Amino acid sequence: MKVAIIHYWLINMRGGEKVIEALLEMFPQADIFTHVYDPNAVSHLIKSKRIITSYINKLPKAKKLYQLYMPLMPKALNSFNLQDYDLIISSESGPAKGVIPNPNAYHICYCHSPMRYLWDMYHDYYNNSGTFVRFFMKHMIPTLRLWDITSANLVDRFVTNSNYVAKRIRRYYNREAKVIYGPAPIEQYLNIIRKPQDYYLFFGQVTGYKRADIAIEACLKTGRKLVIAGDGVSKKEIKKYKNNSLISFKGRVSKEEVCELFASAKALLYPGIEDLGLVPIEANAAGCPVIAYRDGGALETIKENVTGLFFDKQTPESLITVLDYFEKQGKFHNHDVFKEHVQQFSKAAFLERIKIILEEKKRV
C-alpha cells in the first residue's frame, strides 16, 4: 500500500509532529507532503523520510513567516500529485486536508483542531495583530472559511484528539469524528521518583491563551513559589519579576530538566484551555498531580480527585481556592494509579486505535 502523509508545516516538534512520528512507525514507507520544512527543527525519524514541499517553502523567510502565507496554502495543496497513493492521512491544524486524492484512495484526516484563526479564536488573533495583518484577515478569512468547509468533503473519515475538538468539527464541518487520544510520550516519565519540593510548576510555551498570568497572580497573592518553564516569555515579563523571589523563569528546558521539574513540583498548574494538551498527561505519567481550569481537553486527560483537581473560573481567586484545598487534603501520592490512568494516551494505544480504523475500512 502506498501511503502519503500530509502535514501543514514541519518547523518544530510539538504534538502534531509526535503524531507524524507515530504514523511513520506504522507506515515506514510513507512519503510526507508539507508546505514548509526546516530539517534542523524536526526529529531524525522525520528527516529520514522522503519529504515533498509546496512552493510556499521557496517564498522569502517561509520558515519564520509561514503563517502569513496561509492564504496561499489552499492553492498550494493542489500542486501535490497524490494519484498513485492508496492511503492518504492528512494532519490538520493548518491547511492540509484539501488535497486531491484519486477516486479509489482512502483519506483519513487527523484533525488536531479546525484552524483556530479561522473559527473560534479569530477575534483573539485579529485583536492582537497589526494593521497590515488585520487588513488581510478581514478580506481573506471569509474566503478561507468557505474553502475550509468545502475541503472537508474530500475526507472519508475524520479522526481527532479529544471530544472537545470533535464538537468543533461537528459544528464547522457537520461531520462526526472518531476520538483517538495521544500519542503522548509517557514512557520517559513512568519511572520517575517523586520528591516534591516547595514550588508549583507552569510548563509549556508561554502564549496568551495558556494563561500563565493566572498562575503568576495566584502565587504572588498567596506567597507561593512558581517555576515557569518554556519558550515565549517576553523580556518585559522577565524584567517585571526579576527581583521577585516567588517567580522564576527557566526558559526552554531539556528532557532531563523536565523530568526533574515533574519530580519535584508540588503540582502542575494548567490555567489555559487546550484541545487535548500533552503536558498534563506527561506530568501525570511522572506522578505529578495537575490543577487545571475546568474546560477543554483537560476534562479528558485529568481524572478529578484521582490525578488532579479543577478550578471553575479562569481567575487567580478561583485557582487560589483550589490550591488551599489541595494543600490541606494532601493526597495524590499513588504513582501506580497515575501510571494506569495515562496508558490510554500512550503511543501504543494510539497506533492500536488507528489500526482498528483501517480494519473497519477493509470490512466495508
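To be clear, the structure that these remarks concern was listed above.
Definitions and cut-offs
Residues numbered from 1 in each chain as written. Predicted model: local features only at pLDDT ≥ 70, side-chain atom pairs only at ≥ 80, totals over all residues. Heavy atoms only, no water. Helix = DSSP H or I, 4+ residues; strand = E, 2+ residues; numbered from the N terminus. Buried < 20%, exposed > 50% of the residue type's maximum accessible area, 1.4 Å probe, protein only. Polar contact = N/O pair within 3.5 Å; in protein donor to acceptor, adjacent residues only side chain to side chain. Contact = heavy atoms within 4.5 Å.

What follows concerns the side chain of E21. Assignment of secondary structure puts E21 in helix α1 (residues 15-26). Overall, E21 belongs to the buried group, its relative accessible area being 15%. At a separation of 2.6 Å, a polar atom in the side chain of E21 contacts the side chain of S43. Aside from chain neighbours lying at most four places away, what touches E21 is M13, S43, L45 and I46.

Following G182, the chain continues to P183 via a peptide bond in cis, the omega torsion being -5°. Mapped onto the elements, P183 comes out in the loop between β7 (177-179) and β8 (200-203). For K61, which is not glycine, the phi dihedral falls at a positive 50°. Looking at the element boundaries, K61 is found in the loop between β3 (51-53) and α3 (62-65). Even without glycine at this site, F332 takes up a positive phi of about 65°. Tracing the backbone shows F332 in the loop between α13 (316-329) and α14 (335-342).

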